[in-house]
Amino acid sequence: AAAAAAATATEVAYTLPDGKSIQLHNDDLQQCYEVLFEPGIAHLDQNDIATTFYNATMGVDCETRAVLQHNVVLSGSVFCAADVVKRVSSELRAATPSSAEFSIANVDHTPAMATYEGARVITALPSFGALW
């Protein structure tokens, strides 16, 4: 009985847009987001999420880089899966210099706020005024 309870605890019910309901196991969900960390498993020739973040932040000035690193916002359904945010955090820390400090927010409950949050961070930069 305990094994059956453990098995159902790892299942998640989803209702599709057409109204059908499906059951997915946590292992199925993990395979979906694993592409963020290992794009090659989906035959994609691109960088993983940590390398992409690192390359993007290294392309801006030091002041902006620090602000971006302190305001990492994750949004979207993939970040609702168990432990994805922890995994992103550990991958970012592994891909960046040890002196880099991060603050990662997960706005999976209010994805519409992610755009606002990103714009708020950028417009608060002292260098933003020079862009206009």
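All figures in this text were calculated on a predicted structure; none of them were measured in a lab. (Residues numbered from 1 in each chain as written. Predicted model: local features only at pLDDT ≥ 70, side-chain atom pairs only at ≥ 80, totals over all residues. Heavy atoms only, no water.)

### Observations regarding the nonpolar core
Here's step 1: In terms of nonpolar packing, the biggest core is built from twelve residues, these being Tyr33, Phe37, Ala50, Phe53, Val72, Leu74, Phe79, Val84, Val88, Leu92, Ala100 and Phe102.
Here's step 2: Of all the secondary-structure elements, those providing two or more residues to this core are helix 2 (26–37), helix 3 (49–58), strand 3 (72–74) and helix 5 (84–95).
Here's step 3: No other element matches the three residues that helix 5 contributes to this core. (Core = buried A, V, L, I, M, F, W, Y, C linked by side-chain atoms within 4.5 Å. Buried < 20%, exposed > 50% of the residue type's maximum accessible area, 1.4 Å probe, protein only. Helix = DSSP H or I, 4+ residues; strand = E, 2+ residues; numbered from the N terminus.)

### Quick word on the packing of helix 3 against helix 4 (residues 62–69)
Here's step 1: In contact at an axis separation of 9 Å, helix 3 and helix 4 are set at 145° when each is read in the N-to-C sense. Along its contact with helix 3, which presents Phe53, Thr57 and Met58, the element helix 4 presents Arg65, Leu68 and Gln69. (Axes fitted to C-alpha atoms, helices over the stretch in contact; angles between N-to-C directions. Contact = heavy atoms within 4.5 Å.)

### Description of the confidence of the model for the chain
Here's step 1: In the predicted model, the chain carries a mean pLDDT of 77, and 79% of its residues have values of at least 70.
Here's step 2: Here helix 1 (residues 2–9) is the element of the chain with the lowest mean pLDDT, 45, and helix 3 is the one with the highest, 89. (pLDDT = per-residue confidence, 0-100.)

### What about the packing of aromatic side chains?
Here's step 1: Under the criterion given, the structure shown has two aromatic pairs.
Here's step 2: Between the aromatic rings of Tyr33 and Phe37, the centroid separation amounts to 6.3 Å while the plane-to-plane angle is 85°, which identifies the pairing as edge-to-face. Here the residue Tyr33 and the residue Phe37 both occupy positions in helix 2, the gap between them amounting to four residues, near one helical turn. For the pair Tyr33 and Phe37, a shared accessibility class is recorded, and that class is buried.
Here's step 3: Geometrically, the ring pair formed by Phe53 and Phe102 is tilted, given 5.7 Å between the ring centres and 55° between the ring planes. Taken together, the residues Phe53 in helix 3 and Phe102 in the loop between helix 5 and strand 4 (104–106) connect sequence positions 49 residues apart. In terms of burial, Phe53 and Phe102 fall into one category: buried.
Here's step 4: It is Arg87 that lies over the ring of Phe37; its NZ or CZ is 4.1 Å from the centre. (Phe/Tyr/Trp six-rings, centres within 6.5 Å; stacked < 30°, edge-to-face > 60°. Lys NZ or Arg CZ within 6 Å of the ring centre and 35° of its normal.)

### Description of the environment of Val60
Here's step 1: Assignment of secondary structure puts Val60 in the loop between helix 3 and helix 4.
Here's step 2: Given the relative accessible area of 28%, Val60 is considered partly exposed.

### Section: helix 4
Here's step 1: Listed as buried for helix 4 are Thr64, Arg65 and Gln69. Projected onto a plane normal to the axis of helix 4, the buried residues spread over an arc of 130° and lie on a single side.
Here's step 2: You can read the cap of helix 4 off the contacts: a side-chain oxygen lies 3.1 Å from the backbone nitrogen of Glu63, and it is on Asp61. (Arc of directions from axis to C-beta. Polar contact = N/O pair within 3.5 Å; in protein donor to acceptor, adjacent residues only side chain to side chain.)

### Side note on the pairing of strand 2 (residues 21–25)
Here's step 1: One ladder, built from five bridges, connects strand 1 (residues 11–15) with strand 2; its direction is antiparallel. Paired with Thr15 across the strands is Ser21, a residue of strand 2.
Here's step 2: Connecting strand 1 to the next strand, strand 2, in antiparallel fashion are five residues, including Gly19 with a positive phi near 95°. (Pairing = 2+ DSSP bridges.)

### Regarding the side chain of Glu34
Here's step 1: Here Glu34 lies in helix 2.
Here's step 2: You can call Glu34 buried: its relative accessible area is 11%.
Here's step 3: For Glu34, the side chain forms a polar contact with the side chain of Arg87, separated by 2.8 Å.
Here's step 4: With near-sequence residues (within four places) excluded, Glu34 lies in contact with Ile41 and Arg87.

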